[in-house]
Amino acid sequence: MITAEPDVLIYADGACKGNPGPGGWGVWLKSGEHEREMFGGASQTTNNRMELTAVIEALSALKRTSSAVIYTDSQYVKNGITTWIHGWKARGWTTADKKPVKNVDLWQRLDTLNAAHRVSWRWVKGHAGDPGNERADALANRGVASVT
């Protein structure tokens, strides 16, 4: 848990038009007075893959080990990285009912990036007026538009 002011605030979101279908991810990073927006997309993907890609891209953009607070409206991402991942790793990347973890390639990348930084994960209700989440959502939709 980060108690001091973090180096960077990150808002990340994913979007998909159809699930699967064309998808996008968006990230807004803020560090002091500096801000950065990023987005991208994939022509055939799922919402969960785009939510994961958003946080992966955000953490990949950090140029040094940092403390970060990541805001996501995805319970899948937040619960996955803070709770479920421990069991998945202990069971060799299988779920409690012995099935392969979906999106394991992305979870493994996120696990590595998460360990390289001091990250605090926060869930925020989507489409509820949070300015950072709304900005990340708009960027994710730009990502969708970039591939359609």
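Each remark here, short or long, concerns the structure printed above.
Residues numbered from 1 in each chain as written. Predicted model: local features only at pLDDT ≥ 70, side-chain atom pairs only at ≥ 80, totals over all residues. Heavy atoms only, no water.

Student: Could you clarify how one ought to interpret the packing of aromatic side chains in this entry?
Tutor: Within a pair of aromatic rings, the relevant descriptors are the distance that separates the centres and the angle that separates the planes. Taken as a whole and judged by the stated rule, the model has five aromatic pairs. A ring pair is formed by Tyr-76 and Trp-107, whose centres lie 5.3 Å apart and whose planes are at 70 degrees; its orientation type is edge-to-face. One end of the pair, Tyr-76, is in helix H2 (residues 75-90); the other, Trp-107, is in helix H3 (residues 104-116), with 31 residues separating them in the sequence. Their ring planes at 55 degrees and their centres at 6.1 Å tell us that Trp-84 and Trp-88 sit as a pair that is tilted. Of this pair, Trp-84 and Trp-88 are both found in helix H2, four residues apart, which corresponds to roughly one turn of the helix. (Phe/Tyr/Trp six-rings, centres within 6.5 Å; stacked < 30°, edge-to-face > 60°. Helix = DSSP H or I, 4+ residues; strand = E, 2+ residues; numbered from the N terminus.)

Student: What am I meant to see in the side chain of Thr-53 here?
Tutor: If you trace the backbone, Thr-53 turns up in helix H1 (residues 47-60). A distance of 2.7 Å separates a polar side-chain atom of Thr-53 from the backbone oxygen of Arg-49. Those residues in contact with Thr-53 that lie beyond four places of it in its chain are Trp-25 and Leu-106. (Polar contact = N/O pair within 3.5 Å; in protein donor to acceptor, adjacent residues only side chain to side chain. Contact = heavy atoms within 4.5 Å.)

Student: Just checking my understanding: could you explain the nonpolar core for this structure?
Tutor: Proteins that are soluble and globular tend to have nonpolar side chains buried together. Counting residues in hydrophobic clusters, the biggest one holds 31 residues, and the most contacted among them are Ile-10, Val-27, Leu-59, Trp-107, Leu-110 and Trp-121. Sorting the residues of this core by element identifies strand S1 (8-16), strand S2 (21-31), H1, strand S4 (67-72), H2, H3 and strand S5 (118-123) as the ones contributing at least two each. Examining the composition of this core, we find that seven residues originate from one element, H1, more than from any other. Setting aside its immediate chain neighbours within four residues, Ile-10 contacts Val-27, Trp-28, Leu-29, Ala-58, Leu-59, Ala-68, Val-69, Ile-70 and Tyr-71. (Core = buried A, V, L, I, M, F, W, Y, C linked by side-chain atoms within 4.5 Å. Buried < 20%, exposed > 50% of the residue type's maximum accessible area, 1.4 Å probe, protein only.)

Student: Explanation requested: the pairing of S1 in the structure shown.
Tutor: Working note: regular strand, side chains alternate between the two faces of the sheet. Extensive coverage of S1 is indicated by the burial of eight of its nine residues. With five bridges joining them, S1 and S4 adopt parallel strand pairing. Bridged to Tyr-11 within S4 is Tyr-71. The pairing of S1 with S2 spans eight bridges and is classified as antiparallel. Residue pairing across strands places Ile-10 opposite Leu-29, the latter belonging to S2. Remark: four residues form the turn of the hairpin made by S1 and S2, two consecutive strands paired antiparallel; Gly-18 in that turn has positive phi of roughly 95 degrees. (Pairing = 2+ DSSP bridges.)

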